[in-house]
Amino acid sequence: MFAPRLLARTVARRAVVAPRAFSTALPRLSSAPAKIKTFHEIRTEADLIGPGAKPGTVPSDIDQATGLERFEILGKMEGIDVFDIKPLDASRKGTMEDPIVVPSFGEERYLGCTGFPVDSHTVIWLTTSKDRPVERCPECGSVYKMDYVGPEESHDHHHDHHHQPQVDVPTMADFVKPQYW
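Here's what I pulled together on the structure shown here.

What counts as what
- Residues numbered from 1 in each chain as written.
- Predicted model: local features only at pLDDT ≥ 70, side-chain atom pairs only at ≥ 80, totals over all residues.
- Heavy atoms only, no water.
- Helix = DSSP H or I, 4+ residues; strand = E, 2+ residues; numbered from the N terminus.
- Buried < 20%, exposed > 50% of the residue type's maximum accessible area, 1.4 Å probe, protein only.
- Contact = heavy atoms within 4.5 Å.
- Salt bridge = Lys/Arg side-chain N within 4 Å of Asp/Glu carboxyl O.
- Phe/Tyr/Trp six-rings, centres within 6.5 Å; stacked < 30°, edge-to-face > 60°.
- Core = buried A, V, L, I, M, F, W, Y, C linked by side-chain atoms within 4.5 Å.

### Observations regarding the side chain of Ser 129
Next up, step 1: Structurally, the position occupied by Ser 129 is in strand S3 (residues 124-129).
Next up, step 2: For Ser 129, a relative accessible area of 17% corresponds to the buried category.
Next up, step 3: Once you skip the residues sitting within four places of it in the chain, Ser 129 turns out to touch Glu 107, Glu 108 and Met 146.

Below, the structure is given as structure tokens:
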């Protein structure tokens, strides 16, 4: 009964591990590495395309990132939060007279309410827009107001006109008498 275990233990002690070959290679640089522009040197969209990785190497995030992802990485490298993703003010409950202000660079902003006090209900996603900047959470009643800080509307007529305009869906707030607000 114990013979197989004893035999396995004896064989394991006598097993010799074969040494592995270890080699290193120095990377060959045929030219000076491309300079990565800093966040403050970005002027055009072409500046948001990285140099890429050298042949035979594994690219890092900064080597292969382009566009908004590269813009975000360059900002983070300098300690700048380019998308302002800090949490909303949860120290108070927003009211119609004093709503919680949510800055937005876009014409529409989604925000998640977790209630007051914080985490008193599950996340309820609300949509604010330039046309309807004020939203109230149906669970806790906290009021949020979008503050549009993006560029003013351009009149270059290069917009995507084949989409239907968004229809504002009525909510229960549309049926509440004004004196109850």
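### Description of the pattern of salt bridges
Next up, step 1: Applying the stated criterion across every chain yields a total of four salt bridges.
Next up, step 2: For Asp 47, the salt bridge identified is with Lys 37, shortest N-O distance 2.9 Å. Taken as a pair, Asp 47 in the loop between helix H1 (3-14) and helix H2 (61-64) and Lys 37 in the loop between H1 and H2 lie far apart in primary sequence, ten residues in all.
Next up, step 3: What makes Lys 37 partly exposed here is its relative accessible area of 35%.
Next up, step 4: Its salt-bridge partner being Glu 72, residue Lys 76 comes within 3.4 Å of it at the nearest N-O pair. Of the two residues, Lys 76 and Glu 72 both sit in helix H3 (residues 67-77), four residues apart, roughly one turn of that helix.
Next up, step 5: We classify Lys 76 as exposed; its relative accessible area is 52%.

### Section: the environment of Ala 46
Next up, step 1: Examined against the element boundaries, Ala 46 turns out to sit in the loop between H1 and H2.
Next up, step 2: You can call Ala 46 exposed: its relative accessible area is 55%.
Next up, step 3: Placed 20 residues apart in sequence, Ala 46 and Thr 66 show a C-alpha to C-alpha distance of 9.4 Å.

### Some remarks on the packing of aromatic side chains
Next up, step 1: All chains considered together, the criterion is met by one aromatic pair.
Next up, step 2: With centroids separated by 5.0 Å and ring planes inclined at 35°, the aromatic side chains of Phe 39 and Phe 71 adopt a geometry described as tilted. You can see Phe 39 sitting in the loop between H1 and H2 and its partner Phe 71 sitting in helix H3, a full 32 residues away along the chain.
Next up, step 3: Among the residues examined, Phe 39 registers a relative accessible area of 15% and is labelled buried.

### Digging into the nonpolar core
Next up, step 1: Counting residues in hydrophobic clusters, the biggest one holds eight residues: Ile 100, Val 102, Leu 111, Cys 113, Leu 126, Cys 137, Cys 140 and Tyr 144.
Next up, step 2: Sorting the residues of this core by element identifies strand S1 (100-104) and strand S2 (108-113) as the ones contributing at least two each.
Next up, step 3: When near neighbours in sequence (up to four residues on either side) are disregarded, Val 102 contacts Leu 88, Arg 109, Leu 111, Tyr 144, Lys 145, Met 146 and Asp 147.
Next up, step 4: Counting six residues, the second-largest nonpolar core is a separate cluster that includes Phe 39, Ile 42, Leu 48 and Leu 74.

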